[in-house]
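For reference, the chains in residue letters:
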Amino acid sequence: MTFLRELLFPLIAVLCAFLVGAIVVLFIGDSPVETYRLLLGSAFSWPDGIGYTLFFATPLIFTGLAVAVALRGGLLNIGAEGQLYVAAFATAWVGIKLASFPAVLLVPLCCVAAIAAGAVWGAIPGLLKARFGSHEVINTIMLNFIAVALVGYLTQYHYRIPGDPIMESAPIGNAAHIARLGRFVPGLPERIPLNFAFLLALLASWLVYVLLWKTKWGYEIRATGQNPAAAEYGGVSIRRQVVLTMAISGALAGMVGINEVLGYRYRYYDGFSDNYGFTGIAVALLGRNHPLGVIVAALLFAVLQRGGVPVDAFTQLVSKDIVLILQALVILFVAAEAMFRRSGRRWQGAGGSSGQATAPGKI
Amino acid sequence: MTLELRGITKRFGAVLANDHLDITIPSGTIHAIVGENGAGKSTAMRIAYGFYTADSGDILVDGQVREIRAPRDAIALGIGMVHQHFMLVRPMTVTENIVLGAEPGSAVSLDLRKAAASIRALSEEFKLAVDPDATIENLSVGQQQRVELLKALYRRAGLLILDEPTAVLTPQEVDEFFGILRRMRDQGKTVIIITHKLSEVLAISDDVTVMRDGRVVGNVKTSDTTAAQLARLMVGREVLLRVEKPPARPGPIVLSVKDLSIGGHDGARRLEQVSFDVRGGEIVGVAGVEGNGQTELIEALAGLLPESRVSGSISFSGRDIRPLDARHRREAGIAHVPEDRHRRGLLLEFSLAENVILGVHYRAPAVRGMGAVLLNRPGIQQRVDLVIREFDVRPPDPSLPARALSGGNQQKLIIGREFELPPILLLISQPTRGVDIGAIEFIHRKIVAMRDAGCAVLLVSAELEEVTALADRLLVMHNGHIAGEVDPARATHEQIGMLMTGGHAPSGVEGHS
């Protein structure tokens, strides 16, 4: 019941975004109906539309979860982008270095590499905050630059096959490949890169849910996020919590590397991320920092991403930038909704009125 | 200047905050409005000042119906309001603060000298002794309050609404403050004072309006009423104003503090060489104006201050607990009811069930299974049911967010959580701040019951009445020191007040610095 009500506001925000988007399309001089038919129709077609939509949703689920966990813990992780780059590279590195290992060992090792690299890259700003009180927003942004430059350098000068004109690493061992779902789902061709990482994303969502609401660790994360002074009073070490939460967040972002390297390109491909880390912020916001919401929001953004191509190709005037506009509008309306809700609460709060003792010393 | 509220009704969502209020405040009187939390007294005054607009009803100023849609309308009509939390810009001077929003001079230039002169004149007229050129942050709390008064007077207010004005003052400052109010009344101003301290109502007001559940339940001349009658009107039933407690039977020493000093972030000392003991089965009270080191004392004992700020020794049941953090001190049997329940004591967005395990959330019965990682729903349910039942938390729904509870019920939840540890030592700060009279009575009984069960209690309260009524021994703090220890049954408020201000005689109109 509560969850349905929670879902209502984001839904309204999305509808509003599509409405305003339609007006934009009208202004450009094209048919909104036709544009949306192309946009949604292609995303929901079988097998390509659905296959690609789920594939596009996979990294967004991971980054959405990453941002959501951090936000639940009171931290804004803008560094998922850097974390997933470092993690993807680490995944490929293990896949190259240990290429001779059997699959049962290599795949888990590569996954561990992705998770560990993301966790370390996430923990750094956590440590800086715990130790020196420097703000995680600044440090995660800075670490994004460092991450991109670092893996770019390693690819360019150490792991590129000589003569390869593309900025990409050598391929990983065959044993490190994870299966595409096309192999198991009838009617889904294997050329569609949707792979086991998608199921891993769903599993991760469930694990995040259990962690946050069913364990004492999640209790401490949420308590710290809700009121650090009260958490401290309850015997929670805030410093430790900041590092831990950022590490978990980074680990989730790092799992994008599993989808990208083990399930899709089988190598590290420089600049592969289509701003997954940043879109993850919008996904978490739209999904109300709840794993189920994150899945739904990631699917929505994936639909937009998938549908952009045919819109670009088959309309007269509208370009696929309409997708960006729609994304931006969704974010805008979600943010506006947050404001609306807050002012709503203020009025209600005034209802408890005189007393609702924000003012101490009152009877 | 007379003010009349006629049939004022205000609804917030499902809550009827003001239900056909009729209040008449004659010119040149001091009028007290009393009532419990949520009785609607602040709402009514905010309507009069234009913060809210009433759903229906009229506001009459000097007999004429007036539209007051925003505070500036109220100010234009000569209504001033002094809030409980001062609205002053601390690095600026008194004059700058007072003219803020009504700057004299032309559009571009600012004539502060003229303003300072008229502020000085006002200050002298009402004997406020405020220097217009002083910087706010160098003023005492009492002086800051007088700046707020000046602000209203400068805007030619004929009627002043004061919201809980004495909450931050020492007994001596309260006396001075009342002197100022009487002078203002004698010069024709009308004063409305919102308060909950019945003794002050009796001391200062001419008339009293009692509110309950959004309605006016009594309108009496102060000279015709008593504290007991007012309390009965406020609560709607007979209330025990005195705490009944048998003599204490102190046991062995539980807490022994020696030479405890605490540094502030700015390097200044917050606590200086404080030493005292608390025995099992006794309540040791700590009186003092807020901000004289009590907060730091309690936080240091609870393990919430960084080790680097604390020096001296804290021994609990004969054991040095300085190395223990907050979690381990609670495990050892030290419960802590914090002074600010919203800042420290509660996770407002969390459910009551989740709040009731704060501090014990990592051990049985709150967790179960391998490694004690998973939260244990039945165990938590049992605990929250117990606390709700034993401590009469209302509404008794464990799934509600703590935010949804009234101040008194929030406090009962915290007290229940801490009392059910159960503690060997109880640190309890401002236990009844913002709590209804009915709940105060309940909480006081529970504290005494805790003591009688052998618990050592260290009680900090800014309410002198409370701390003298509950404590078996009373320490008075001033400026980070223990200024003295008195027998609460014998010492007068004047004697305690003297210690609270550092042992000096009441310091005249300038207050203390």
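Here is what the cut-offs are and how they apply
Along each chain, numbering runs from 1 in the same order as the chain's sequence is written. To read the labels, note that chains go from A and ligands from 1, taken in the order they are written. Where totals are concerned, whole chains, interfaces and linings use all residues; where local detail is concerned, this predicted model gives features only for residues with pLDDT of at least 70, and gives and counts side-chain atom pairs only at 80 or more. By definition, any uninterrupted DSSP run of H or I lasting at least four residues is a helix, any uninterrupted run of E lasting at least two residues is a strand, and each is numbered from the N terminus. Radius of gyration: C-alpha atoms only; globule rule: 2.2 Å multiplied by the number of residues to the exponent 0.38. Any two residues are considered in contact once their C-beta atoms, placed from the backbone, lie within 7 Å. Residues are grouped as follows: Ala, Val, Leu, Ile, Met, Phe, Trp, Tyr, Cys and Pro are nonpolar; Asp, Glu, Lys and Arg are charged; every other residue, Gly included, is polar. Put plainly, a residue is buried at 20 or more neighbouring C-beta atoms within 10 Å of its own, exposed at 12 or fewer, and partly exposed in between, counting only other residues' C-beta atoms, which are placed from the backbone. Along the chain, pLDDT gives the predictor's confidence residue by residue, from 0 to 100. Strands are labelled as partners when DSSP assigns at least two bridges between them. Think of it like this: strands point away, you trace from the first strand over the helix to the second, and a clockwise trace means the crossover is right-handed. For every element, the axis is a line fit to its C-alpha atoms; helices are fit only across the contacting stretch, and the angle between N-to-C directions ranges from 0 to 180 degrees. Here roughly perpendicular refers to angles of 65 to 115 degrees, roughly parallel to angles under 35, roughly antiparallel to angles over 145, and oblique to all remaining angles. By convention, the crossing between two helices is left-handed when the near helix turns anticlockwise from the far helix through less than a right angle, and right-handed when the turn is clockwise. Here the bounds of each domain stem from an automatic or database domain assignment. What we call a nonpolar core is a set of buried Ala, Val, Leu, Ile, Met, Phe, Trp, Tyr and Cys residues whose membership is set by joining through C-beta atoms within 7 Å.

*Asks:* Can you explain the overall build of chain A? Please cite residues and give values.
*Replies:* When you go through chain A residue by residue, the secondary structure sums to 14 helices and zero strands. Mapped from its N terminus to its C terminus, chain A presents α and β elements in the order α-α-α-α-α-α-α-α-α-α-α-α-α-α. Over its C-alpha trace chain A gives a radius of gyration of 22 Å, about what one expects of a compact globule, namely 21 Å for 363 residues. Taken along the three principal axes of its C-alpha coordinates, chain A extends 75 × 55 × 35 Å. Taking the intrachain contacts of chain A between residues at least 6 apart in sequence as the baseline, contacts between residues at least 24 apart amount to 76%.

*Asks:* I'd like a rundown of the overall build of chain B, residues and numbers included.
*Replies:* When helices and strands are counted, chain B shows 17 helices and 22 strands. Taken over C-alpha atoms, the radius of gyration comes to 25 Å for chain B, in line with the 24 Å a tight globule of 513 residues would show. Principal-axis analysis of the C-alpha atoms places the extent of chain B at approximately 70 × 50 × 50 Å. Of the contacts formed within chain B by residues at least 6 apart in sequence, a portion of 67% connects residues at least 24 apart.

*Asks:* Account for the interface of chain B and chain A, naming residues and giving values.
*Replies:* How large an interface is tends to be reported as the accessible area lost when its parts come together. If you look at the interface, chain B gives 47 residues, while chain A gives 29 residues. Listed by contribution, the elements that provide at least two residues to the side of chain B that touches chain A are strand E2 (15-25), helix H1 (41-49), helix H10 (326-332), helix H11 (341-345) and strand E18 (374-375) of chain B. Its residues assigned to classes, the side of chain B that touches chain A shows 20 nonpolar, 16 polar and 11 charged.

*Asks:* Help me get a handle on helix H8 (residues 216-226) of chain A, residues and values and all.
*Replies:* H8 of chain A sits mainly inside the fold: nine of its 11 residues count as buried. The complete set of buried residues in H8 of chain A reads Lys216, Gly218, Tyr219, Glu220, Ile221, Arg222, Ala223, Thr224 and Gly225 of chain A. Where the residues of H8 of chain A are buried, they touch helix H3 (48-72), helix H7 (196-214), helix H9 (228-233) and helix H10 (238-254) of chain A together with strand E17 (367-368) and E18 of chain B.

*Asks:* Go over the confidence of the model for chain B, please, and point to the residues and values.
*Replies:* Residue and element names in this part refer to chain B. Summarising the model, chain B shows a mean pLDDT of 89, and 96% of its residues fall at 70 or more. Scored below 50 in pLDDT, residues 504-513 shows 16 contacts in the model against residues more than four places distant or in partner chains. Scoring of the predicted complex yields 0.81 for pTM and 0.86 for ipTM.

*Asks:* Please provide a residue-by-residue account of the pairing of strand E20 (residues 456-460) of chain B, values included.
*Replies:* Residue and element names in this part refer to chain B. Among the five residues in E20, five count as buried, and that is most of the element. Burial along E20 is two-sided: Ala456, Leu458 and Val460 and Val457 and Leu459, pointing in opposite directions, are all buried. Here strand E13 (residues 283-287) runs beside E20; their pairing, made up of four bridges, is parallel. Each bridged residue has a counterpart across the sheet, and for valine 286 the counterpart in E20 is valine 460. Pairing of strand E19 (residues 425-429) with E20, which is carried by five bridges, proceeds in the parallel orientation. In the sheet register, leucine 425 faces E20, and the bridge partner there is alanine 456. In this fold, E19 hands off to helix H15 (residues 437-452), which returns the chain to E20; that crossover is right-handed.

*Asks:* Can you explain the packing of helix H2 (residues 32-43) of chain A against helix H13 (residues 291-314) of chain A? Please cite residues and give values.
*Replies:* Residue and element names in this part refer to chain A. Where H2 contacts H13, the two axes come as close as 7 Å, and the packing angle between them is 130°. Taken together, the axes of H2 and H13 are oblique relative to one another. Note on packing geometry: the crossing formed by H2 with H13 is right-handed. Within the contact between the two elements, H2 uses Thr35, Leu38, Leu39, Leu40, Ser42 and Ala43 and H13 uses Val303, Arg306, Gly307, Pro310, Val311 and Phe314. For the contact of H2 with H13, a count of residues per class yields eight nonpolar, three polar and one charged.

*Asks:* Can you tell me about the sheet that holds E20 of chain B, naming the residues and giving the values?
*Replies:* All names here are of chain B. Pairing is mixed in the open sheet, where six strands are placed in the order E16-E19-E20-E13-E21-E22. Either end of the sheet is taken by a strand with one partner, and the two such strands are strand E16 (334-337) and strand E22 (481-486). Going across the sheet, the axis of each strand differs from the next one's by a mean of 20°, ignoring polarity. Here helix H9 (residues 294-302) sits on the sheet in contact with E13, E16, E19, E20 and strand E21 (473-478), set at roughly 150° to E19.

*Asks:* Before we move on, can you summarise the domain arrangement of chain B with the specific residues and values?
*Replies:* Residue and element names in this part refer to chain B. Structurally, chain B comprises domain 1 (3-235) and domain 2 (253-343 + 422-510). Measuring from the centre of the C-alpha atoms in domain 1 to the corresponding centre in domain 2 gives 33 Å. Taken residue by residue, the interface counts 12 residues in domain 1 and 14 residues in domain 2. Elements with a contribution of two residues or more to the side of domain 1 that touches domain 2: helix H6 (171-186) and helix H8 (227-235). Its residues assigned to classes, the side of domain 1 that touches domain 2 comprises six nonpolar, three polar and three charged.

*Asks:* Now, about the packing of H3 of chain A against H7 of chain A: what can you tell me, with residues and values included?
*Replies:* All names here are of chain A. The geometry of H3 relative to H7 is characterised by a closest axis approach of 9 Å and an angle of 20° between their N-to-C directions. Classified by the angle between their axes, H3 and H7 sit roughly parallel to one another. Between H3 and H7 lies a crossing whose hand is left-handed. Residue-level inspection shows Leu54, Thr58, Ile61, Phe62, Leu65, Val69 and Arg72 of H3 in contact with H7, the latter providing Ala197, Phe198, Ala201, Ala204, Ser205, Val208 and Leu212.

*Asks:* Describe the nonpolar core, naming the residues involved and giving the relevant values.
*Replies:* Counting residues in hydrophobic clusters, the biggest one holds 153 residues, and the most contacted among them are Ala48, Leu427, Val457, Leu459 and Val476 of chain B. Counting contributing residues, this core receives three or more from each of domain 1 (3-235) and domain 2 (253-343 + 422-510) of chain B. If sequence neighbours within four positions are ignored, leucine 459 of chain B has contacts with Ile283, Val284, Gly285, Val286, Ile428, Val467, Leu470 and Ala471 of chain B. Counting 104 residues, the second largest nonpolar core, distinct from the first, contains Phe62, Ile172, Phe198 and Ala204 of chain A.

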